[in-house]
Amino acid sequence: MDYFSVVGDELKFLNNSDIRIKVLIDLLDGPLKIRDINKRSLLSYSSISSNIHKLCAEGYVEKIHNSFQLTNLGLIYTTILMDFRDVIATISNNADFWLDHDISSLSLEDLNKLSSLEGSELIRCNSMDIYKTHKEFKRLFKNSKNLKVIFPYLHPEYPKLIRRLILKGIKVELVVSRDILDSFIRDIGNDVVKKGIYDGNFSIKYLDEDIKIALAISNEFITVGLFKLDGTYDQNRLLLSNRKKAIDWGLSIFDSYAQCALPLTLN
């Protein structure tokens, strides 16, 4: 309980004033004079002066000559607060996506970095377009210059998309579950699979256990699909982002799966 009390006191001090938060965020860019903060934030001089001296007293900010800058403590807390804000925004903006899906495929480290998905777009099927997510997925695939994909299930069109990319010489890396491996290879075409592997622009690995996440990553985008709580894959919702931090988040997940997967060996 002492731990939560300390955290609560720190958060209470910082969050009790929007002005303190704004000052800290402004100081992330480096040392500033009060008049500089005033120009950025349009806060009054008296409000800035009063709160910046409170931040100094608590050790978040220090005065150097005529300017103020974040202390190490201030930098750490402000960075954490910004990250926490992004996590809350990420979850609240797509609350139903996170609420009624199986997230067991995500490690604690993945969840800790969920703020990386801040600003993501949730693609939904609707009565006017029941294939909206599928069409968006196909569009992204066709325009990819490289691709890393985790497939937890076999859709009849996806092997065809992979086949076209391989024949175009585009680098594709796949991770699939063992129970769809043979079907995936058959639908891509044995000759095309062999050609892609020999040419060095295609690899496919498999996991013996069930995979509970669908992931597609390129240099330009990341898509995330999850299973519903009833165990079926949700083909009606797809999370999409083109931000670098989201792509890096996805690459980390892909790499963790790829490291555990077994490579396909050709006879």
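Predicted model only: the values in this text are computed from it and were never measured.

1. Looking at the confidence of the model for the protein chain
Consideration 1: For the protein chain, the mean per-residue pLDDT works out to 87, and 93% of the residues sit at or above 70.
Consideration 2: By mean pLDDT, the top-scoring element of the protein chain is helix 12 (residues 244-260) (95), and the lowest-scoring one is helix 1 (residues 2-15) (55).
Consideration 3: Low pLDDT, under 50, characterises residues 1-6; the stretch is placed with zero contacts to residues that sit more than four places away or in other chains.

2. Some words on the pattern of salt bridges
Consideration 1: Scanning the entire structure with this criterion turns up 15 salt bridges.
Consideration 2: Between Lys-135 and Asp-129 there is a salt bridge, with the nearest N and O atoms lying 3.2 Å from each other.
Consideration 3: Across the salt bridge formed by Asp-199 and Lys-195, the nearest N and O atoms sit 2.9 Å from each other. A residue pair is termed a helical-turn pair when its members lie 3 or 4 positions apart in one helix, as Asp-199 and Lys-195 do in helix 11 (residues 190-199) at four residues.
Consideration 4: Ionic contacts of the salt-bridge type, sharing partners, join the residues Asp-96, Asp-100, Arg-124, Asp-234 and Arg-237 into one network.

3. Some thoughts on the pairing of strand 2 (residues 67-70)
Consideration 1: The pairing of strand 1 (residues 61-64) with strand 2 spans four bridges and is classified as antiparallel. Its bridge partner being in strand 2, Glu-62 is matched across the sheet by Gln-69.
Consideration 2: Between the antiparallel neighbours strand 1 and strand 2 lie two residues, among them His-65 with a positive phi of about 60°.

4. Comments concerning helix 12
Spacing of three or four residues puts side chains on the same side of an α-helix, whose turn is 3.6 residues.
Consideration 1: Spanning 17 residues, helix 12 covers 25 Å between terminal C-alpha atoms, matching the ideal 24 Å at 1.5 Å per step.
Consideration 2: Within helix 12, the full set of buried residues consists of Ala-246, Ile-247, Trp-249, Gly-250, Ile-253, Phe-254, Tyr-257 and Ala-258.

5. Some words on the packing of aromatic side chains
Consideration 1: Applying the stated criterion to the full structure yields twelve aromatic pairs.
Consideration 2: Considering the side-chain rings of Phe-137 and Phe-141, the 4.6 Å spacing of their centres and the 40° angle between planes classify their relative orientation as tilted. Taken together, the positions of Phe-137 and Phe-141, both in helix 8 (residues 132-142) and four residues apart, correspond to about one turn of that helix.
Consideration 3: We classify Phe-137 as buried; its relative accessible area is 8%.
Consideration 4: An aromatic cluster of three or more residues is present, and its members are Phe-137, Phe-141, Phe-151, Tyr-153, Tyr-158, Phe-184, Phe-227 and Tyr-233.
Consideration 5: For Arg-178, the ring lying beneath its charged end belongs to Tyr-206, and the centroid distance is 5.4 Å.
Consideration 6: Positioned over the ring face of Phe-227 is Lys-212, at 4.7 Å from the centre of the ring.

6. Things to note about the environment of Lys-171
Consideration 1: Here Lys-171 lies in strand 6 (residues 171-177).
Consideration 2: Lys-171 sits in the partly exposed class, given a relative accessible area of 40%.
Consideration 3: Between the alpha carbons of Lys-171 and Leu-147 there is a distance of 6.3 Å; along the sequence they are 24 residues apart.
Consideration 4: In this view, Lys-171 contacts Lys-145, Asn-146, Leu-147, Gly-200 and Asn-201; residues no more than four positions away in its chain are not counted.

7. Here we look at a negative patch on the surface
Consideration 1: A grouping of Asp-179, Asp-208, Glu-209 and Asp-210 is seen on the molecular surface, where their side chains present a negatively charged patch.
Consideration 2: Position of Asp-179 relative to the elements: it lies in helix 10 (residues 178-188).
Consideration 3: For Asp-179, a relative accessible area of 59% gives the class exposed.

8. Quick look at helix 11
Consideration 1: Of the positions making up helix 11, those classed as buried are Val-192, Val-193 and Gly-196. End-on, the buried residues of helix 11 take up no more than an arc of 100°, which puts them together on one face. Looking at helix 11, the residues exposed on the side facing more than 90 degrees away from the buried face are Asp-191 and Tyr-198.
Consideration 2: The secondary structure elements touched by the buried residues of helix 11 are helix 9 (158-167), helix 10 and strand 7 (202-207).
Consideration 3: Looking at the residues trailing helix 11, positive phi occurs at Gly-200, about 85°.

9. Brief notes about the packing of helix 2 (residues 18-27) against helix 4 (residues 45-57)
Consideration 1: Remark: helix 2 packs on helix 4, axes separated minimally by 9 Å, with the N-to-C direction vectors making an angle of 75°. It follows from the interaxial angle that helix 2 and helix 4 lie roughly perpendicular. For the pair helix 2 and helix 4, contact is made by Ile-19, Arg-20, Val-23 and Leu-24 and by Ser-47, Asn-51, Ile-52, Lys-54 and Leu-55, respectively.

Criteria and cut-off values
- Residues numbered from 1 in each chain as written.
- Predicted model: local features only at pLDDT ≥ 70, side-chain atom pairs only at ≥ 80, totals over all residues.
- Heavy atoms only, no water.
- pLDDT = per-residue confidence, 0-100.
- Helix = DSSP H or I, 4+ residues; strand = E, 2+ residues; numbered from the N terminus.
- Contact = heavy atoms within 4.5 Å.
- Salt bridge = Lys/Arg side-chain N within 4 Å of Asp/Glu carboxyl O.
- Pairing = 2+ DSSP bridges.
- Expected span 1.5 Å × (residues − 1).
- Buried < 20%, exposed > 50% of the residue type's maximum accessible area, 1.4 Å probe, protein only.
- Phe/Tyr/Trp six-rings, centres within 6.5 Å; stacked < 30°, edge-to-face > 60°.
- Lys NZ or Arg CZ within 6 Å of the ring centre and 35° of its normal.
- Patch = residues over 30% accessible without salt bridge, like charges linked within 9 Å, V, L, I, M, F, W, Y side chains within 5 Å.
- Areas by Shrake-Rupley, 256 points an atom, 1.4 Å probe, with all protein chains shown as cover.
- Lys, Arg positive; Asp, Glu negative; His and termini not counted.
- Charge placed at Lys NZ, Arg CZ, Asp CG, Glu CD.
- Arc of directions from axis to C-beta.
- Axes fitted to C-alpha atoms, helices over the stretch in contact; angles between N-to-C directions.
- Parallel < 35°, antiparallel > 145°, perpendicular 65-115°, else oblique.

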